[in-house]
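The residues making up each chain are set out below.
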Amino acid sequence: MSLFSRFFRRAPPTSPPVPPSVSQDRLSENADTAPSRHARAPDRTQVATNEEETLKAAIGGHDGPTIARLVIEGASTKVRQMAARAIEDPATLRQLIRDARGGKDKSVYKILTSKRDVLLDHERKLEHLQAEIGAVTAALERHSQRPYDPLFTPTLEQLESRWKGVAAGADTGVRQTAQQSIDRAREVIAQHLRQIAAEASRELAAANAAAEAQRLRELQERATATTAAEQARIVEEQQRAQAGKQAAEELALRQIGGLIRKALGALNEGGTGRAAGLRRAIEEKLPSAPPLPAYLANQLQRLDTKLNELKDWKSFSVTPKRLELMEEMEALVGSTLDPPTLAERIKGLQEEWRTLSKGAGESLEADWQRFHEAAQKAYQPCREYFEAQALVRQENLQRREALLARLAAFEAAHNWEQPDWRMVIRALRESKQQWRQYSPVDRTPGKALQERFVALTASLQGRLDAEYARNVEQKHGLIEHARQLVASEDSRTAIDAVKDLQQKWKAVGPVPREADHSLWEEFRQHCDAIFQKRQQEFAEYTAGLQTNKSNAINMCEELEKIAALSGPELLQSARNLPDLRAAFEAAGEFPRGDARGLRGRFERALERCEESVAQQQARAAERSWDDLFEAANRVRVYRLAVARQADVSERDALRQAAEGYVASVGQWPKGGLEAIKQELAREGSGDVAANEAALRMLCIRAEILTDRPTPPEDQPLRREYQVKRLIQTMGQGIAADEAQLDTMAIEWVGVGPTDEGAYEQLLTRFQGCRRR
């Protein structure tokens, strides 16, 4: 396609009038050429079809030069676009972009630049991937050579994660190198773990040996202490026995002396029976007492003499009472009383019998035999009951022995290096409960078992008390740590720390029940204080979010109000937009559910404000150009009056009107006011026809610049101007530029006066180009 065809590709709406002298020649020429044009139409279609087939064959055969040629020289837009889409070589793309720049087919240029951008982006991604692969591989290699430290494992995990993200793009050699580095790093970790295990094993063996030695020392010390204590106990018991014997003898003598004095006193008061009973008590104590001193022997002889004298006359008063006791005892035979009550009743009657027998002057064997046989018969149910009770006591004693054996076996078999304190507590509690359940027992054997049981439980309780002390100390330490966390400024870290303390609290062993509750209450008080502090901070944080939300809503509403304004009020309020933007950015965080909506609302309101301001500024700018053209028209009218030599008064009135209008305009385009003032101050009027021609040429230039049609009468001027422009630009395109139109408008002001009719028509054409 030729350069002329590019500029004259748009046909005018109507053909210009043909002069009569050449009309016949042109008609005949058109008649001659018409068939040829109709004949060429199928050739173009055929060419396009052939080019499409050629392009498809070139694409199938990967014929790059042919495809590149069709991108530029293709007869149809479809072929050129298809060819542009088929280009893959970057060098060819760059060359074709240079060839297509400034050409007629902008879509081809866009396709080529888009493909170039995609290829460049792909290349950048590949370069970034290779750089990342190199960096990760080098980092893995360096890391595998490092000695182990606390950050070794986390760093390796991070590098492995990075490597997994890029390993797919690496070649086989790089992957093998990276895997070898990873394996070496893992071997470093494994070696460190083996060292730790070996050290732990050595420490455990040393600790076990030390514990065993300590245990043996404790056993030796305990055995030595036990032997010394036993010897001291034997000596002490011997001394105590000797002192006790002496004290017992002295006591016996004092008791005998006291009984003698009481018996003599009873005789003096007439209590023969009481005196006789005291005499029998003295008789019972004499075998175990030392020889009586002379004064006691004399007193005892005097007592016996007086007692024998009184027995004779009291015998006759005891017989009725004996008969009554015998009858009561015989009445108890076959009684339905429960054995304990029955035994108490029999015992009471026997005590009364013995009381009657004391001080009696005679003792009837027949009465005693009758009373005794009745007592034996009545006591038979009690005997059977108490025999059963004896069996129960024996069984309880056996059960206590078995319980004591089990508890001793538990202590001996338990692993006190790693004790199960809950099992120890349970064993102590249940053994004490069962010991109390296995009751009653015989006193003498039961006492020995009781002592052994107390000693065994005391040993277990001592171990448990030591563990209690350690655990109480640990819990006091946890409480102190929790108390320090209350004063921490970082509540999130304090919360995590107190949760860790709670887990440690659970891991601490048992403590006494009475101390556990108080310790837990103190610990929980500090924990609750930390959680409450966190809740308070969260509440304050939430309140701050709500405040930020309220402020953001107010700013959005203010923006929406500004967007609804117009005119100077809009422009005045728009000065606050940067401040509102800065205030919104400085507002801080918003509630998570509202943040996106608030930001979207603010951005939309800000965009509407900016659009309103832009529209207002555009309207103001357009109004300034309208004011410029109106002022230019008033100056034109004034200068046209000067050119026509109108009356001075009329010219002065027109000048004043023009100057008054100029003074009333508040905003001018750049250079507009200076151009008006220069035109108003210019002397002379110039050639009106030349001024009209200049305005007409400005209209043609504007129409070419904005690609608008030119009226038929000005078509020759347009062609002439285009040819000159073509020669000057050497085929470069002409793009519409608003700045060029503004420059033309300033030129329009300085052209000079023209006739009213022509000026109105030309101004309409020129403003039409500007509006487009």
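Only a predicted model underlies this, so the values are computations on that prediction, with no experimental measurement involved.

Participant: Explanation requested: the overall build of the protein chain in the structure shown.
Facilitator: A tally of regular secondary structure across the protein chain gives 26 helices and 0 strands. When burial is assessed residue by residue, the protein chain has 31% of its 772 residues classed as buried. Relative to all contacts within the protein chain whose residues are 6 or more apart in sequence, the contacts with residues 24 or more apart total 73%. Accessible area for the protein chain stands at about 48100 Å²; split by element, carbon and sulfur atoms hold 53% of it.

Participant: How do you make sense of unusual backbone geometry when you look at a structure like this?
Facilitator: As a rule of thumb, non-glycine residues mostly have phi less than zero, and peptide bonds are mostly trans rather than cis. The amide bond that connects Ser439 to the next residue, Pro440, takes the cis arrangement and shows omega of 10°. Among the structural elements, Pro440 can be located in the loop between helix H14 (421-437) and helix H15 (443-486). Phi at His62 takes a positive value of approximately 55°, unusual for a residue other than glycine. Accessibility expressed as a relative area gives 73% for His62, which makes it exposed.

Participant: Is there a simple way to think about the pattern of salt bridges in this case?
Facilitator: One pass over the full model with this rule turns up 45 salt bridges. Between Arg124 and Asp121 there is a salt bridge, and its shortest N-O distance comes to 3.8 Å. With Arg124 and Asp121 both in helix H6 (residues 106-145), this residue pair falls 3 residues apart, about one helical turn. Put simply, Glu212 and Arg215 hold a salt bridge, and the shortest N to O gap is 2.6 Å. Within this pair, Glu212 and its partner Arg215 are both found in helix H8 (residues 172-268), separated by 3 residues, close to a single helical turn. Taking the relative accessible area as the measure of exposure, Glu212 reaches 35% and is therefore partly exposed. Residues joined by salt bridges that share partners form a network here, namely Glu692, Arg696, Glu703, Asp714 and Arg765.

Participant: Is there a simple way to explain the environment of Ala587 in this structure?
Facilitator: Assignment of secondary structure puts Ala587 in the loop between helix H19 (577-585) and helix H20 (592-643). Taking the C-alpha atoms as reference, Ala587 lies 9.4 Å from Leu545; in sequence the two are 42 residues apart. In this structure, Ala587 is in contact with Asn548 and Met555, ignoring residues within four places of it in sequence.

Participant: How should I be thinking about the nonpolar core in this particular structure?
Facilitator: If you look at soluble globular proteins, the nonpolar side chains tend to sit buried side by side. Residues Trp668, Ile676, Leu695, Met744, Trp748 and Phe766 are the most contacted members of the largest nonpolar core, which totals 31 residues. If you list the elements that add at least two residues to this core, you get H20, helix H21 (648-664), helix H22 (672-681), helix H23 (688-705), helix H25 (738-749) and helix H26 (756-771). A total of 7 residues in this core trace back to one element, the largest contributor, which is H20. Those residues in contact with Phe766, other than ones at most four positions away along the chain, are Phe629, Leu698, Cys699, Ala702, Leu741, Met744, Ala745 and Trp748.

Participant: I tried to follow the packing of aromatic side chains on my own but got confused; where do I start?
Facilitator: Centre distance and the angle of the planes are the two values used to describe a pair of aromatic rings. Enumeration according to the criterion identifies 15 aromatic pairs in this entry. Ring geometry for Phe629 against Phe766: centres 5.9 Å apart, planes inclined by 70°, an arrangement best described as edge-to-face. Remark: Phe766 occurs in helix H26 and Phe629 occurs in helix H20; sequence separation between them is 137 residues. Note on accessibility: Phe629 and Phe766 belong to one class, buried. Ring centres of Trp748 and Phe766 lie 4.9 Å apart, and the angle between their planes is 20°; on these two criteria the pair is classed as stacked. Note that Trp748 is positioned in helix H25 and Phe766 in helix H26, a separation of 18 residues in sequence. For the pair Trp748 and Phe766, one class covers both residues: buried. In this structure, Arg463 is placed above the aromatic ring of Trp416, and the distance from its NZ or CZ to the ring centre is 4.3 Å. Positioned over the ring face of Trp625 is Arg770, at 4.2 Å from the centre of the ring.

Participant: Looking at this structure, how should I read empty space enclosed by the protein?
Facilitator: One way to see where empty space is left: roll a probe the size of a water molecule over the atoms. A full pass over the atoms with the stated rule returns 2 cavities of 30 Å³ or more. Each pocket or cavity is described by its volume, and for the largest cavity that value is around 70 Å³. Forming the boundary of the largest cavity are Ala632, Val635, Arg636, Glu679, Leu695, Trp748, Val749, Val751, Gly752, Pro753 and Tyr759. Only H20 and H25 provide two or more residues apiece to the lining of the largest cavity.

Participant: Would you take a moment to explain the side chain of Glu679 for this structure?
Facilitator: Positionally, Glu679 belongs in helix H22. One polar contact links Glu679 to Arg682, side chain to side chain, over a distance of 3.2 Å. Beyond its immediate stretch of four places on either side in the chain, Glu679 contacts Val635, Arg639, Val749, Gly750 and Gly752.

Participant: Even after reading the chapter, I still don't get H19, so can you show me in this structure?
Facilitator: For an α-helix the count is 3.6 residues per turn, leaving residues at separations of three or four pointing the same way. Turning to H19, its buried residues number three or more, namely Leu577, Leu580 and Phe584. Taken down its axis, H19 places every buried residue within 60° of arc, on the same side. Facing away from the buried surface of H19 by more than 90 degrees, the exposed residues are Pro578 and Asp579. Of the surrounding secondary structure, the elements contacted by the buried residues of H19 are helix H17 (513-563), helix H18 (567-574) and H20.

Participant: I tried to follow the confidence of the model for the protein chain on my own but got confused; where do I start?
Facilitator: For the protein chain, the average pLDDT comes to 81, and 90% of its residues sit at 70 or higher. The lowest-confidence element of the protein chain is helix H1 (residues 3-7), averaging 36 in pLDDT; the highest-confidence one is H14, averaging 90. Note that residues 1-42 has pLDDT below 50 and, in this model, 21 contacts with residues that lie over four places away or in other chains.

Scoring rules and cut-offs
Residues numbered from 1 in each chain as written. Predicted model: local features only at pLDDT ≥ 70, side-chain atom pairs only at ≥ 80, totals over all residues. Heavy atoms only, no water. Helix = DSSP H or I, 4+ residues; strand = E, 2+ residues; numbered from the N terminus. Buried < 20%, exposed > 50% of the residue type's maximum accessible area, 1.4 Å probe, protein only. Contact = heavy atoms within 4.5 Å. Areas by Shrake-Rupley, 256 points an atom, 1.4 Å probe, with all protein chains shown as cover. Salt bridge = Lys/Arg side-chain N within 4 Å of Asp/Glu carboxyl O. Core = buried A, V, L, I, M, F, W, Y, C linked by side-chain atoms within 4.5 Å. Phe/Tyr/Trp six-rings, centres within 6.5 Å; stacked < 30°, edge-to-face > 60°. Lys NZ or Arg CZ within 6 Å of the ring centre and 35° of its normal. 1 Å grid on protein atoms, 1.4 Å probe; cavity = no way out; pocket = protein on both sides within 12 Å on 5 of 7 lines; lining within 4 Å. Points joined across faces, edges and corners; volume = space filled by probe spheres on them. Polar contact = N/O pair within 3.5 Å; in protein donor to acceptor, adjacent residues only side chain to side chain. Arc of directions from axis to C-beta. pLDDT = per-residue confidence, 0-100.

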